[in-house]
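Residues per chain are reported as follows:
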Amino acid sequence: MVATDTKVHVVNHPLVQKTLTGLRDLQTPSPEFRALAQRLSYFLIYEALKDLNVRQVGVETPVGPGTGVVLTDYIILAPVLRAGLVLADAAQELFPNVRIYHIGLKRDEKTLEAQSYYAKLPDSLPPDCRVFILDPMLATGGSAVAAISLFDKMDVKAIHLVSFVASPEGVEKVNKAFPNVKITTAAVDDHLNEHGYIVPGLGDAGDRIFGT
Ligand code: PRP
Ligand code: URA
């Protein structure tokens, strides 16, 4: 069970759940899996960014003056390689000027510990920026905690984590290590199996996205 004070937001919209069902299905071939993953990415990015700050501006329509908004938050994306790339592609389409810092992490198959193989980050980031860590799978939480740690050292305004599927264990781990990090996900599943896979989950996200 996930403790009730965890900062996890499960997006229960029917279109999100239908898309996730396609991803879960073992019969879904890789090209279709990629398309569904891209679609789910748009939905989850849209939901994760719903609290962004805006400033009112005037806008001239063909019929007369009106009011609109511009975004005032500085957004940083941090996709965890490989599978996080699908979320980053969708987010970059929505925010073409966003800065992206890739985080290379690989789980050791035996120990399930996340091992870092790439991270090229600046020494500091603008203090008012919001960092979105993008990784479809939150399993043991080792990769998420390692990725969040990189940004937590910097003086940033907020760190969010966006995933397709989370395990209760992963949510607890992130919440315990970083109580202020909000998690947006399409599902918190039942448990992890002995290989650290989310049950029922959707299998190996990276392999299914990239057809490996
Ligand atoms: C998968 C997944 C996450 C990680 C989650 O990546 O995309 O990054 O495992 O597991 P955790 O919560 O137990 O750390 P993997 O390490 O298999 O790398 P890949 O995306 O390159 O296949
Ligand atoms: N990584 C995945 O891709 N799937 C899981 O279920 C766990 C880790």
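Right above here is the structure, for reference.
> Just to check I follow, could you spell out the site of ligand 1 for this structure?
Close to ligand 1 lie 14 residues, the nearest being Arg 107, Asp 135, Thr 140, Gly 141 and Ser 143. Side-chain polar atom of Arg 107 to an oxygen atom of ligand 1: 2.8 Å apart, as the coordinates give it. Ser 143 is positioned such that a nitrogen or oxygen atom in its side chain is 2.6 Å from an oxygen atom of ligand 1. When ligand 1 is considered free in solution it has 490 Å² of accessible area, and contact with the protein chains removes 94% of it. Elements with a minimum of two residues in the shell around ligand 1: β4 (74–81), β6 (103–107), β9 (137–138) and α4 (142–152). Split by residue class, the shell around ligand 1 holds 6 nonpolar, 4 polar and 4 charged.

> What should I look at first to understand the packing of helix α1 (residues 14–24) against helix α2 (residues 30–48) in this one?
Each pair of packed helices gets described by two things: the angle between the helix axes and the distance between those axes. Direction vectors running N to C along α1 and α2 enclose 150°, while the axes themselves pass 9 Å from each other. When the axes of α1 and α2 are compared, the pair comes out roughly antiparallel. Seen from above, α1 lies across α2 with left-handed handedness. Of α2, the residues touching α1 (which contributes Leu 15, Val 16, Thr 19, Leu 20, Gly 22 and Leu 23) are Phe 33, Leu 36, Ala 37, Arg 39, Leu 40 and Phe 43. Counted by class, the contact of α1 with α2 contains 9 nonpolar, 2 polar and 1 charged residues.

Rules and cut-offs
Residues numbered from 1 in each chain as written. Chains lettered and ligands numbered in written order. Predicted model: local features only at pLDDT ≥ 70, side-chain atom pairs only at ≥ 80, totals over all residues. Heavy atoms only, no water. Near = heavy atom within 4 Å. Polar contact = N/O pair within 3.5 Å; in protein donor to acceptor, adjacent residues only side chain to side chain. Areas by Shrake-Rupley, 256 points an atom, 1.4 Å probe, with all protein chains shown as cover. Helix = DSSP H or I, 4+ residues; strand = E, 2+ residues; numbered from the N terminus. Nonpolar A, V, L, I, M, F, W, Y, C, P; charged D, E, K, R; others polar. Axes fitted to C-alpha atoms, helices over the stretch in contact; angles between N-to-C directions. Parallel < 35°, antiparallel > 145°, perpendicular 65-115°, else oblique. Left-handed = near helix turned anticlockwise from the far one by under 90°. Contact = heavy atoms within 4.5 Å.

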